[in-house]
Amino acid sequence: MSSVDSTSQQSNVVEKKKNHNKYRRDKPWDDENIDHWEVDHWDEENGDKLTGGSLLEESSFATLFPKYREKYLREVWPVVTRALDKLRIGCELNLVEGSMTVRTTRRTSDPYVILKARDLIKLLARSIPVAQALKVLNDEVHCDIIKIGGLVRNKDRFVKRRQRLIGPDGATLKALELLTGCYVLVQGNTVSAMGTHKGIKEARRVVLDCMANVHPVYNIKRLMIQRELAKDPKLANEDWSRFLPQFKKKNVKRRKPHQTVREQSKPAAPSGDGAGAGGGQGKKKKKSYTPFPPAQAPSKVDLQLDSGEYFLSERERKARKIEEKRVRSKERSQKRREERESEYEAPP
């Protein structure tokens with residue numbers, strides 16, 4: 001009995017789930033007035049410093065750049081060096097290997113600034129101007145490099161969709177920048193975006209949808225509606241799905257090019273009594289309806305019975321085939337001979 005009671009007690013313990021929130025105490029950061037998305041600046045004057053005074057290990061990042069960026073990077077590298085020296089980050093431009101490298105030094109105090117320097121050289125390699133790329137060193141600015149090269153297999157289709165993202169005279173890209181608050185640059189097989197986390201997330205969504213054959217205009221319209229709804233304090237905590245447009249994908253059948261060309265090449269139907277004769281040249285004639293099925297095609301055995309070949313022996317059949325083949329060959333050779341001789345005949 002004691003063993004049965006112990007097993008039942010154990011099963012009851014397993015069935016009861018632990019409620020971790022029952023004895024949870026309020027933490028100092030559980031306050032509605034605290035903005036958890038706020039980025040605190042690193043300020044050494046206010047007491048921000050590393051434990052031990054410096055970093056224990058050196059961290060470095062390197063990235064390759066294309067050949068056409070070599071001339072520009074050589075010209076602006078002093079500007080990059082001065083900007084990184086203020087943050088106590090070392091940098092190197094290797095023209096032989098075609099690479100840029102950033103690394104921490106013994107004087108580096110901010111542990112996160114090396115990741116900002118890594119983003120800087122990535123943006124410089126993707127053809128972003130140095131004045132714009134240096135803004136990523138600020139704590140409020142972040143970046144994202146969206147790879148679009150492998151999203152569309154067909155090269156022509158990829159070029160069209162990438163151009164659709166840019167728009168006529170860059171109008172679509174400019175509208176996207178205004179709505180997301182990000183700097184967006186389309187270059188080759190990548191799209192670079194700089195801005196806040198929220199803006200970068202929206203920009204990435206628009207770019208990926210465009211590569212998936214969703215026109216950017218639909219997403220731009222959605223962003224414009226969300227921007228107007230955010231201004232109304234009554235709708236701040238409500239669901240916006242009823243205000244946003246729901247676009248359905250439609251498969252519209254399009255005429256194939258060869259069908260269009262064939263229709264254009266057809267002669268125009270003459271008016272009057274000749275309309276039936278002239279207009280029916282390209283169309284097939286309708287067959288008259290008969291309730292009887294079509295006649296059965298004769299089989300191979302039926303054809304042999306009609307020609308008498310069925311009653312011949314195997315040897316006689318082979319001899320007949322050889323004879324027919326010889327006759328056909330003789331006719332072809334005679335025809336070729338006449339064609340060759342006709343070249344030497346004098347014109348009339």
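Residues numbered from 1 in each chain as written. Predicted model: local features only at pLDDT ≥ 70, side-chain atom pairs only at ≥ 80, totals over all residues. Heavy atoms only, no water.

## Brief notes about the overall build of the protein
- Across its full length, the protein holds 12 helices and 6 strands.
- Every one of the 348 residues in the protein was classed for burial, and the buried ones make up 25%.
- Surface exposure of the protein reaches about 27,900 Å², of which carbon and sulfur atoms provide 52%. (Helix = DSSP H or I, 4+ residues; strand = E, 2+ residues; numbered from the N terminus. Buried < 20%, exposed > 50% of the residue type's maximum accessible area, 1.4 Å probe, protein only. Areas by Shrake-Rupley, 256 points an atom, 1.4 Å probe, with all protein chains shown as cover.)

## Quick word on the sheet that holds strand β5 (residues 183-187)
- Taken in spatial order, the 3 strands make up an open sheet running β4-β6-β5, and their pairing is antiparallel. Every other strand in the sheet has two partners, leaving β4 (142-147) and β5 as the edge strands with one partner each. In this sheet, neighbouring strand axes are inclined to one another by 15° on average, regardless of whether the strands run parallel or antiparallel.
- As paired strands, β4 and strand β6 (residues 190-195) are joined by 6 bridges and run antiparallel to one another. Its bridge partner lying in β6, C143 is registered against M194. (Pairing = 2+ DSSP bridges. Axes fitted to C-alpha atoms, helices over the stretch in contact; angles between N-to-C directions.)

## Here we look at the nonpolar core
- If you look at the biggest cluster of nonpolar residues, it comprises 28 residues, and the most contacted ones within it are V80, L84, I89, M100, V102, L120 and L124.
- Elements represented by at least two residues in this core include exactly α2 (70-86), β2 (89-94), β3 (99-104), α3 (113-125) and α4 (130-133).
- The element best represented in this core is α3, accounting for 8 residues.
- Other than its neighbours up to four places away in sequence, I89 contacts L84, V102, R103, T104, T108, V113, I114 and A117.
- One finds L173, I200, V207 and M211 within the second-largest nonpolar core, a separate group that totals 14 residues. (Core = buried A, V, L, I, M, F, W, Y, C linked by side-chain atoms within 4.5 Å. Contact = heavy atoms within 4.5 Å.)

## Observations concerning a positive patch on the surface
- On the surface, K325, R328, R332, R336, R337 and R340 cluster together to form a positively charged patch.
- Residue position: R337 is located in helix α12 (residues 314-342).
- Judged by its relative accessible area of 37%, R337 falls in the partly exposed class. (Patch = residues over 30% accessible without salt bridge, like charges linked within 9 Å, V, L, I, M, F, W, Y side chains within 5 Å. Salt bridge = Lys/Arg side-chain N within 4 Å of Asp/Glu carboxyl O. Lys, Arg positive; Asp, Glu negative; His and termini not counted. Charge placed at Lys NZ, Arg CZ, Asp CG, Glu CD.)

## Re a negative patch on the surface
- Taken together, the side chains of E338, E339, E341, E343 and E345 present a region of like negative charge at the surface.
- The residue E341 is located in helix α12 in this model.
- Note on E341: relative accessible area 47%, which makes it partly exposed.

## Considering the packing of helix α6 (residues 171-180) against helix α8 (residues 216-230)
- In the contact formed by α6 and α8, the axes pass within 10 Å of each other and the chain directions differ by 30°. The orientation of α6 with respect to α8, classified from their angle, is roughly parallel. Here α6 runs over α8; the crossing is left-handed. Facing T172, A175, L176, L178, L179 and T180 of α6, the residues of α8 in contact are P216, I220, L223, M224 and R227. (Parallel < 35°, antiparallel > 145°, perpendicular 65-115°, else oblique. Left-handed = near helix turned anticlockwise from the far one by under 90°.)

## With respect to a nonpolar patch on the surface
- On the surface, V301, L305, Y310 and F311 cluster together to form a nonpolar patch covering roughly 410 Å² of accessible area.
- Structurally, F311 can be placed in the loop between α11 (300-307) and α12.

## A look at the side chain of E202
- Residue placement: E202 occurs in helix α7 (residues 197-211).
- Overall, E202 belongs to the buried group, its relative accessible area being 18%.
- Excluding its chain neighbours within four sequence positions, the residues that come into contact with E202 are T180, R222, L223 and Q226.

## Examining the pattern of salt bridges
- Counted under the stated rule, the structure contains 11 salt bridges.
- Of the charged contacts, one joins D144 and R204 as a salt bridge, the two residues approaching to 2.8 Å between their closest N and O atoms. A residue pair is termed long-range when its members are at least 10 positions apart, and D144 in strand β4 and R204 in helix α7 qualify at 60 residues.
- Here D144 falls in the buried class, since its relative accessible area comes to 18%.

## A few points about the sheet that holds strand β1 (residues 60-64)
- Pairing within the open sheet is antiparallel, and its 3 strands lie in the order β1-β3-β2. For this open sheet the edge positions go to β1 and β2, each flanked by a neighbour on one side alone. Here the average twist between neighbouring strands, direction ignored, is 15°.
- In terms of strand pairing, β2 meets β3 through 6 bridges, oriented antiparallel. Counted as the bridge partner of E92 is T101 from β3.
- The strands touched by α2 are β2 and β3; relative to β2, the strand with the most contacts, the crossing angle is about 170°.
- Contacts between α3 and the sheet are confined to β1, β2 and β3, with β3 contributing the most and set at about 170° to the helix.

Bear in mind that shape data such as this cannot, by itself, settle questions of function.
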